[in-house]
Amino acid sequence: MAPYSVILICITLSLLAGSSATQDPYRRHVHRPCKKMVVYHHEILYNGSNAQNATATIVGEPDGANKTSLAGPIRFGDLIAFDDPLTDDNNLRSPPVGRAQGFYVYSNTKQPASWHAFSMVFNSTKYKGILTFAGLNMILTPTRHISVIGGTDDFFMHRGIASFTTDAVEAEVYFRLRIEIKLYECWKLLNP
Amino acid sequence: MAPYSVILICITLSLLAGSSATQDPYRRHVHRPCKKMVVYHHEILYNGSNAQNATATIVGEPDGANKTSLAGPIRFGDLIAFDDPLTDDNNLRSPPVGRAQGFYVYSNTKQPASWHAFSMVFNSTKYKGILTFAGLNMILTPTRHISVIGGTDDFFMHRGIASFTTDAVEAEVYFRLRIEIKLYECWKLLNP
Amino acid sequence: MAPYSVILICITLSLLAGSSATQDPYRRHVHRPCKKMVVYHHEILYNGSNAQNATATIVGEPDGANKTSLAGPIRFGDLIAFDDPLTDDNNLRSPPVGRAQGFYVYSNTKQPASWHAFSMVFNSTKYKGILTFAGLNMILTPTRHISVIGGTDDFFMHRGIASFTTDAVEAEVYFRLRIEIKLYECWKLLNP
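Residues numbered from 1 in each chain as written. Chains lettered and ligands numbered in written order. Predicted model: local features only at pLDDT ≥ 70, side-chain atom pairs only at ≥ 80, totals over all residues. Heavy atoms only, no water.

Caption draft 1: Geometry of the overall build of chain A. Secondary structure summary: chain A contains one helix and ten strands in total. N-terminal to C-terminal, the α/β element order of chain A is α-β-β-β-β-β-β-β-β-β-β. Burial status across chain A gives 58% buried among its 192 residues. Across chain A, every contact between residues at least 6 apart in sequence was considered, and the portion connecting residues at least 24 apart equals 46%. For chain A, the accessible area works out to roughly 7,500 Å², and carbon and sulfur atoms hold 55% of it. (Helix = DSSP H or I, 4+ residues; strand = E, 2+ residues; numbered from the N terminus. Buried < 20%, exposed > 50% of the residue type's maximum accessible area, 1.4 Å probe, protein only. Contact = heavy atoms within 4.5 Å. Areas by Shrake-Rupley, 256 points an atom, 1.4 Å probe, with all protein chains shown as cover.)

As structure tokens, this is what we get:
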């Protein structure tokens, strides 16, 4: 058998392996993210008297509850819309690097825990684009993981995991999260 | 040509095919899932008098409707938060293998059909981790398909399809779904 | 070294590269979508007197607002459920090629901008299946990008980007979007 035929077989196998060939089933192992970032997420919840600087407000609530206070310690059924600033450090007054916009709903009957779906809009020198998240924020768990389900521009088609840790809670009005974002799937659109 | 150069070419081609090379466009054919599981999803909807054992409650509703009964036969505009137990069989009293937490909104003006977004939290000997879902539950269709859009821990970065079939409906209070989950994209994080 | 061993090594390397081997980190470059389509999305918002032909309705709202009119010019906190027809052209009366069902919530405190999560159900000769979307609709930006996070049937496991442009606004009742959908990840399930 000539070396040339060997090379041909190799090319064919390589192309098959990497392109649209059937791979069955699809499994992927990774060691580390392709992008990584940390932001602080600040929320000031509307309580009936802070309309000037509130960044979030109750828009849905269970039977018997209202829109100016959380529904008891468990808060099950409260639904909150938010437009929260993101900063590079834990200072609410630092210049925002982006905003987190979307909603969450308290969805646990035994403890305060919420289901979040939102996007982060970045418009800094470092990043321009949007990342979209969905998942469960089990507030009482020290670190909890939320899925990054898509993105645009600098985050075109990205996916990954965001890890939330509670960084501060003041009364039931100010909440601060530290969010570590690890993107494991990074796409790039060439000559769009 | 020496066999060594042939091997070198092969290595190069193989790496190109499998790594970050441009593949344009991206298509993938699969025969079967990388993971498969079945759970039963039980919901007891709050109706004004079952607060003790309700697992779901209306938190948003259309004009003229209320939080203790569904908005007519079509229910368009009712938004429900839930914390529903998941079991391995169709018995509400079986030990839960996890919980489904999130919400759905009735989003069809002609028939009862709802748009769901939620996470399943598993904490059994079989699985630990979260799967997150989004999609349309066309209740009157025998089997309907919802997207699995992400996951954590044992389900790190997973994607797939969940198939819902209605298993029981009692009055407008107890609902049971059989959910078959087929994951077609299974990632693993090594030495995280 | 015999050619046979060379072939064996090649086969092994090719399989490793294309299948479940560790690829670290995961990056992908694409030039163009695997599928592309354009639809027009029509919405008639319920205003208290158009129940006959409304396709969308307010189901959650901030403190002090109501379900028959948007909450001021910014609308922050209004949550809308919808069942909107999709057509191939910009004529509301054209035969629908599908429906968009889900919700959005106004989630910006400075300008009208909404966070959307919904599915498009297609049942035409061209396409059968569902696409699911999530992301931010910054209404005042000429073109804004929303993530396609999953799909079923003809759109099995698909992902991509949808670009929204406002095509018409009449009073605060009729809204029309032109949506260009570009799918960059196209899967096919063989012999399901």
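Caption draft 2: Summary view of the pattern of salt bridges. Counting across every chain of the model gives 24 salt bridges over all chains. In this structure, B:Asp83 and B:Arg99 form a salt bridge, with 2.8 Å as the shortest nitrogen-oxygen distance. Of this pair, B:Asp83 sits in strand E4 (residues 79-87) while B:Arg99 sits in strand E5 (residues 98-106), and the two are 16 residues apart along the sequence. Judged by its relative accessible area of 1%, B:Asp83 is buried. Notably, a salt bridge pairs C:Glu185 with B:Arg159, separated by 3.2 Å at the nearest N-O pair. (Salt bridge = Lys/Arg side-chain N within 4 Å of Asp/Glu carboxyl O.)

Caption draft 3: Highlighting the environment of B:Val148. Residue and element names in this part refer to chain B. Following the sequence through the fold, Val-148 ends up in strand E8 (residues 144-151). Overall, Val-148 belongs to the buried group, its relative accessible area being 1%. Residues Val-148 and Thr-165 lie 17 residues apart in sequence; the distance between their C-alpha atoms is 16 Å.

Caption draft 4: Structural detail: the pairing of strand E1 (residues 26-30) of chain A. Here E1(A) shows a buried face lined by A:Tyr26, A:Arg28 and A:Val30 and an unburied face lined by A:Arg27 and A:His29. Taken together, the five bridges between E1(A) and strand E10 (residues 174-189) of chain B define a ladder with parallel strand orientation. Bridging across to E10(B), A:His29 finds its partner in B:Lys188. (Pairing = 2+ DSSP bridges.)

Caption draft 5: Highlighting the state of the cysteines. Residue and element names in this part refer to chain A. The full count for this structure, using the stated rule, is three disulfides over all chains. Two residues share a disulfide in this structure: Cys-34 and Cys-186, whose sulfurs sit 2.1 Å from each other. One disulfide, between Cys-34 and Cys-186, carries an S-S torsion of 95° and so falls in the right-handed class. One end of the pair, Cys-34, is in the loop between E1 and strand E2 (35-44); the other, Cys-186, is in strand E10 (residues 174-189), and 152 residues separate them in sequence. There is no split in this pair, since Cys-34 and Cys-186 are both buried. (Disulfide = S-S within 2.5 Å.)

Geometric descriptors of this kind do not, in isolation, establish any biological role.
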